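These are the residues of each chain, in order.
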Amino acid sequence: MVPELKGKKVLIGITGGIAVYKICDLVRRLKKDGLEVKVLMTEFSTRFVSPMTFEVLSGNPVFTDWSNDPLAHIHLARWADTFLIAPCTVNTLSKIATAQGDNLLTTTVLAYDGPLLIAPAANHVMLSQKAVRKNIDSLIKDRSAVVIKPEEGLLACDEEGEGKLPSVERLYDWIVWSLMPKPLEGKKVLVTAGATREYLDPVRFISNDSSGEMGFALTRTARWLGAEVTVVAGSFRADPPPEVDLIEVVSASQMLEKVLALYPEQDIVIMNSAVADFRPTDRSASKIKKEESLTIKLTRNPDILERLGREKKNQFLVGFALETENILENAREKMERKNLDMIVANPASAIGSRDYRGWIIYKDSEEEITAPSKLSAALKIIERIARLTAP
Ligand SMILES: Cc1cc2nc3c(=O)[nH]c(=O)nc-3n(C[C@H](O)[C@H](O)[C@H](O)COP(=O)(O)O)c2cc1C
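Here the structure is a predicted model, which is why all the values come from computation and not from measurement.

### Quick look at the sheet that holds strand 1 (residues 9–14)
Sheets are built from strands paired through backbone hydrogen bonds, the pairs being either parallel or antiparallel. What the five strands build is an open sheet, ordered 2-1-3-4-5; its pairing is parallel. Each edge of the sheet is formed by a strand with only one pairing partner; in this case those strands are strand 2 (36–41) and strand 5 (146–147). The sheet contact formed by strand 3 (residues 82–88) and strand 4 (residues 116–120) spans four bridges and is parallel. Counterpart to Cys88 in the pairing with strand 4 is Pro120.

Given below as structure tokens:
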């Protein structure tokens, strides 16, 4: 995870839904990444998972009422940097929307004025009631709460519908989002990620080993800082980031087409995908038969970055360069030749390593970046971009 999150204070409110058990993993993950967690439970929720479990996982006492502190609602509300209620029952959601304070959890929400994240989880019919929809709208409009959309699937009650608690990964991402400043608010960011594939026949292709991890890390962190992000991705092994528009493509030509279509409305474009330089000149419609030898003729693919540089209007254009020698000189030459605003140069030794070391090259200077993970490096790169594109 990213060092910037260490010591941030996360208050988690738990209410009486069947999905309570999923929060155990969330608390564990936050704690492991160095965040401080306090858990606040409604009386009904303690029937699903014992407070003792959350006490052990969070390393803090669990609050269910005022028995240990008559000002617990004020103290918890002032302590928290962010407040997530998950799972949030329809009952508690409606009470919060109508400003009721009939237990410690709802009273703490009343006393709190920081970022509020609500993850409703319930039977799909319960959630689709008109009164409940109205309450959700009011939480978003009047309370500026983020109501995290439940997922669709088989619910615990054995019915299919939209009502499942989002994955721990999604909840975690929203928590981080709520803790970050928003210098990219109102900005549109386009990131490309992964590797393109150039098919020789219906089953074989030429490609490269890009996992998509760095592209997705840039996408996630740009969203954390407030941007509206679209990612155009070739093939990838990394998990795609939650809550962003993911457009999947196969070949370099498809990537060029998608990126060019989106380009005019973007403020920032970050080309991180590993695009194949060549494609087979002819693509066989049927599987190529085994022979003694095979010669494949290749044709040069379009240079997407160069094209974007040529067609640039007000966009801030960022490229990546993987170099084996004369890293800084070669990367700067590429930046100037392709009319980029910034380039990130990575040594070939960076491939496959967990730690990150690279250079950001600006128009008139350069900066070495070291970080314990690609996610952390991506955040630094996005912060620099945000600074350079600030009004
Ligand atoms: C087994 C069981 C599962 C329940 N699951 C949910 C649920 O997933 N979502 C929900 O909104 N209510 C659910 N309920 C209903 C709530 O528990 C009930 O409305 C309760 O009053 C909520 O109290 P609280 O909001 O103070 O925690 C469930 C009830 C039971 C008995």
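### Considerations on helix 13 (residues 374–388)
For an α-helix, 3.6 residues make a turn, and residues three or four places apart therefore share a direction. Taking 1.5 Å per residue, 15 residues should reach 21 Å; helix 13 reaches 21 Å between its end C-alpha atoms and fits that length. Along helix 13, the residues classified as buried are Lys374, Leu375, Ser376, Ala377, Ala378, Leu379, Ile381, Ile382, Ile385 and Ala386. In this fold, the buried residues of helix 13 make contact with helix 9 (213–224), strand 13 (268–271), strand 16 (316–323), strand 17 (342–347), strand 18 (356–361) and strand 19 (366–371).

### Describing the pairing of strand 2
Counting buried positions along strand 2 gives five out of six residues, so the element sits mostly inside the fold. In this sheet, strand 2 lies alongside strand 1 in parallel orientation, the contact comprising six bridges. Bridge assignment links Gly13 to a residue of strand 2, and that residue is Leu40. Each parallel crossover has a hand, and for strand 1 linked through helix 1 (residues 22–32) to strand 2 it is right-handed.

### Focus: the domain arrangement of the chain
We note that the domain assignment places domain 1 (3–179) and domain 2 (188–388) within the chain. Inter-centroid distance (C-alpha atoms) of domain 1 to domain 2 is 37 Å. At the interface, seven residues of domain 1 touch seven residues of domain 2. Of the residues that constitute the side of domain 1 that touches domain 2, the class distribution is three nonpolar, no polar and four charged.

### Considerations on the site of the ligand
Around the ligand, the structure places 14 residues, and the nearest of them are Gly16, Gly17, Thr42, Thr89 and Ala122. Of the residues forming the shell around the ligand, the biggest block, three residues, is contributed by helix 4 (residues 90–97). Split into classes, the residues belonging to the shell around the ligand amount to six nonpolar, eight polar and no charged.

### Things to note about unusual backbone geometry
At the junction of Ala86 and Pro87, the peptide bond is cis and its omega measures out at -10 degrees in the coordinates. A positive phi angle, near 50 degrees, is found at Ser144, a position not held by glycine. Mapped onto the secondary structure, Ser144 falls in the loop between helix 7 (130–141) and strand 5. Of the residues examined, Ser144 has 10 C-beta atoms within 10 Å and is grouped as exposed.

### Quick notes on the nonpolar core
The tendency in soluble globular proteins is for nonpolar side chains to be buried as a group. With 109 residues, the main nonpolar core has Ile12, Leu84, Ile118, Ala119 and Ile343 as its most contacted residues. Considering every element that reaches this core, the biggest residue donor is helix 13, with eight residues. Not counting chain neighbours up to four residues away, the residues in contact with Ile12 comprise Ile23, Val27, Val37, Val39, Leu40, Leu84 and Ala86.

### With respect to the environment of Ile385
Relative to the assigned elements, Ile385 resides in helix 13. C-alpha of Ile385 to C-alpha of Asn60: the two residues are 325 residues apart in sequence and 38 Å apart in space. What Ile385 contacts, discounting residues up to four positions off in sequence, is Ile268, Phe316, Val318 and Met342.

### A look at helix 4
The buried fraction of helix 4 is high, at six of eight residues. For helix 4, the complete set of buried residues consists of Val90, Thr92, Leu93, Lys95, Ile96 and Ala97. Two residues or fewer past helix 4, Ala99 is found with a positive phi of approximately 55 degrees.

The rules behind each value
Residues numbered from 1 in each chain as written. Predicted model: local features only at pLDDT ≥ 70, side-chain atom pairs only at ≥ 80, totals over all residues. Pairing = 2+ DSSP bridges. Helix = DSSP H or I, 4+ residues; strand = E, 2+ residues; numbered from the N terminus. Expected span 1.5 Å × (residues − 1). Buried ≥ 20, exposed ≤ 12 C-beta atoms within 10 Å, placed from the backbone. Contact = placed C-beta atoms within 7 Å. Right-handed = clockwise from strand over helix to strand, strands pointing away. Domains from an automatic or database assignment. Nonpolar A, V, L, I, M, F, W, Y, C, P; charged D, E, K, R; others polar. Near = placed C-beta within 6 Å. Core = buried A, V, L, I, M, F, W, Y, C linked by C-beta atoms within 7 Å.

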